[in-house]
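Topology and contacts: notes
Here is how the chains run, residue by residue.
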Amino acid sequence: ICCLDRMQSPKIPDANRSAARLDLRRLILVLTICSALIPFANTFYAGYLVQRQQLIDTTLDGHYAYATKLARSTDDFLQSALQQLDYSAKLMAAHMKDNVFLGEEATRLRLQTKSFNSITIIDATGYVLATSPETLQIAGKTLTTSGIVESLQTKGPVISQPYMAVTGNFIVFISQPIFFAYGQYLGAVGGSIYLKQESMLDTLLGSHFYEDGSYVFVVDKNKHIIYHPDSTRVGNQVNNNDAINQISLGESCKTPLVNSQGREMLAGYAVVPSSGWGIVAQRPKEATLAPLNDLMRSVLYKTRPIAILMLR
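Residues numbered from 1 in each chain as written. Predicted model: local features only at pLDDT ≥ 70, side-chain atom pairs only at ≥ 80, totals over all residues. Heavy atoms only, no water.

Thoughts on the pairing of strand E6 (residues 185-194)
Sheet faces and side chains relate simply in a regular strand, where the side chains alternate between the two faces. To keep it simple, the criterion reads: Only protein chains enter the area calculation, which uses a 1.4 Å probe; residues under 20% of their type maximum are buried, those over 50% are exposed, and those in between are partly exposed. Comment: elements are numbered from the N terminus, with helices defined as DSSP H or I runs of at least four residues and strands as E runs of at least two. Two strands pair under a simple rule: DSSP has to find at least two bridges between them.
With respect to burial, E6 is a largely interior element, 10 of its 10 residues being buried. Pairing geometry for strand E1 (residues 118-123) and E6, over 6 bridges, is antiparallel. For Asp-123, the partnering residue across the bridge sits in E6 and is Gly-187. Joining the antiparallel neighbours strand E5 (residues 170-179) and E6 is a turn of 5 residues, in which Gly-183 adopts a positive phi near 90 degrees.

Section: the pattern of salt bridges
Selection criterion: Salt bridge, as used here, is a side-chain nitrogen of Lys or Arg placed within 4 Å of a carboxyl oxygen of Asp or Glu.
Within the structure shown, the criterion is met by 5 salt bridges. With a closest N to O distance of 2.4 Å, Arg-108 and Glu-105 form a salt bridge. With a gap of 3 residues between them, Arg-108 and Glu-105 both fall in helix H3 (residues 99-113), about one helical turn apart. With relative accessibility at 29%, the residue Arg-108 sits in the partly exposed group. Classification of Glu-105 by relative accessible area gives buried; the value is 7%. Between Glu-264 and Lys-285 there is a salt bridge, and its shortest N-O distance comes to 3.9 Å.

Some words on the nonpolar core
What counts here: Take the buried residues of types Ala, Val, Leu, Ile, Met, Phe, Trp, Tyr and Cys, join any two whose side-chain atoms come within 4.5 Å, and each joined set is a nonpolar core.
Ranked by size, the top nonpolar core spans 42 residues in total, and within it Ile-121, Ile-174, Ile-178, Val-189 and Trp-277 carry the most contacts. Ranked by the residues each element gives to this core, the list is headed by helix H2 (residues 14-92), at 11 residues.

A look at unusual backbone geometry
The omega torsion across Ser-132 and Pro-133 is 0 degrees, close enough to zero to call that bond cis. Of note, the phi angle at Lys-114 is positive, near 60 degrees, even though the residue is not glycine. The residue Lys-114 is located in the loop between H3 and E1 in this model. Phi is positive for Gln-137, close to 60 degrees, though the residue is something other than glycine. Within the fold, Gln-137 resides in the loop between strand E2 (128-132) and helix H4 (146-154). In this structure Gln-137 comes out as exposed when scored by relative accessible area, which is 60%.

So, the sheet that holds strand E8 (residues 225-227)
Counted only if it meets this: For helices, the fitted line uses only the C-alpha atoms of the stretch in contact; every axis is such a line through C-alpha atoms, and the angle between N-to-C directions lies from 0 to 180 degrees.
Here we have 5 strands laid out as an open sheet, ordered E8-E7-E11-E10-E9, and antiparallel in their pairing. The open sheet terminates on both sides in strands that have one partner only, identified here as E8 and strand E9 (253-258). Pairs of neighbouring strands in the sheet enclose a mean axial angle of 35 degrees, with direction left out of account.

Some remarks on the side chain of Asp-220
To be explicit about the condition: Any pair of N or O atoms that falls within 3.5 Å is considered a polar contact. Within protein, one atom must be able to donate a hydrogen and the other to accept it, and sequence-neighbouring residues count only if both atoms are side-chain atoms. Note on definitions: a residue-residue contact is assigned when non-hydrogen atoms from the two residues lie within 4.5 Å.
Here Asp-220 lies in the loop between strand E7 (215-219) and E8. Looking at Asp-220, its side chain comes within polar contact range of the main-chain nitrogen of Asn-222, at 2.9 Å. When neighbours within four sequence positions are excluded, Asp-220 is seen to be in contact with Gln-161, Pro-162, Ile-226, Gly-276 and Trp-277.

Here's the deal with the environment of Cys-253
Looking at the secondary structure, you find Cys-253 in strand E9. Along the chain, Cys-253 and Ala-65 lie 188 residues apart, while their C-alpha atoms are 9.6 Å from each other. Setting aside residues no more than four positions away along its own chain, Cys-253 makes contact with Tyr-64, Gly-268 and Tyr-269.

Here's the deal with H3
Basically, it comes down to this: An expected span of 1.5 Å times one less than the residue number is assigned to each helix. Taking the helix axis as origin, the arc is that swept by the directions to the C-beta atoms.
Counted at 1.5 Å a residue, the expected span for H3 with its 15 residues is 21 Å, and the 22 Å between its end C-alpha atoms agrees. Within the span of H3, buried status applies to Leu-102, Gly-103, Glu-105, Ala-106 and Leu-109. One face of H3 carries all of its buried residues, which in axial projection span an arc of 165 degrees. Across from the buried face of H3, at angles greater than 90 degrees, the exposed residues are Val-100, Glu-104 and Gln-112. Put simply, Asp-98 is the residue that caps the front of H3, since its side-chain oxygen is 3.2 Å from the backbone nitrogen of Val-100.

In short, shape yes, function no, at least from these values alone.
Right, here's the structure in full:
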């Protein structure tokens with residue numbers, strides 16, 4: 001029987017035993033590598049996600065704070081402009097038939113602070129009494145543009161929506177009424193800010209501290225662009241932008257969005273109280289995340305020698 005058992009028990013060749021040992025070693029090696037790489041990959045990816053979200057949140061907070069600051073500065077500028085016009089209107093009330101005085105006062109207003117590109121003085125019918133500069137060539141004409149009509153109808157302080165003036169300039173018209181001592185409405189004095197040319201508003205909004213691809217633009221409450229670094233876009237109406245849609249509702253906030261040109265942006269926006277304009281500070285999302293992507297690539301590159309050494 002013992003002999004029979006010996007005859008029936010197969011004999012495992014030495015080559016097969018060596019192959020089995022080799023496969024077992026490979027399995028152990030693979031498990032060892034996986035046990036090292038999987039936690040590293042998980043930690044690496046989790047760290048990337050946390051830093052990515054932190055970078056996005058920080059950018060959104062910074063742009064919202066900056067838009068809010070610019071909105072306040074713009075509101076201060078507009079209030080200051082109204083105050084200048086109001087003081088001048090009180091001086092003009094007793095000199096509405098003195099064209100020399102009106103001309104001199106218009107020039108003083110334009111040159112004193114450079115808040116306006118031009119000054120126009122009208123009577124109660126919209127007839128132009130004086131202008132500065134005189135090269136506008138509208139003195140002696142009766143104007144019916146939207147800013148003038150709004151000023152005559154309200155008989156109060158006006159910050160108009162952007163419109164095309166008879167001079168061919170795309171402007172915002174800021175005006176104050178002129179009343180006689182007994183409350184008789186005599187007309188208005190207004191200053192124009194040219195939106196497609198150099199102006200005080202352009203200086204205020206165009207000089208900002210961001211040098212990282214961020215930029216600022218301004219829209220009115222009807223979604224028309226008032227200021228943009230690309231002057232060719234001034235006057236365009238933008239409808240497919242979440243920030244601008246919220247601004248038209250009087251909301252100030254911060255949000256990631258896709259702009260009208262299909263680019264992902266990180267935007268903060270705030271409303272200017274006196275005019276309803278909205279100031280948007282934004283930066284392309286890829287520009288925000290580019291430093292983080294470079295950092296993660298650098299980490300992978302610098303850990304590569306140790307990983308290769310461990311595999312050997």
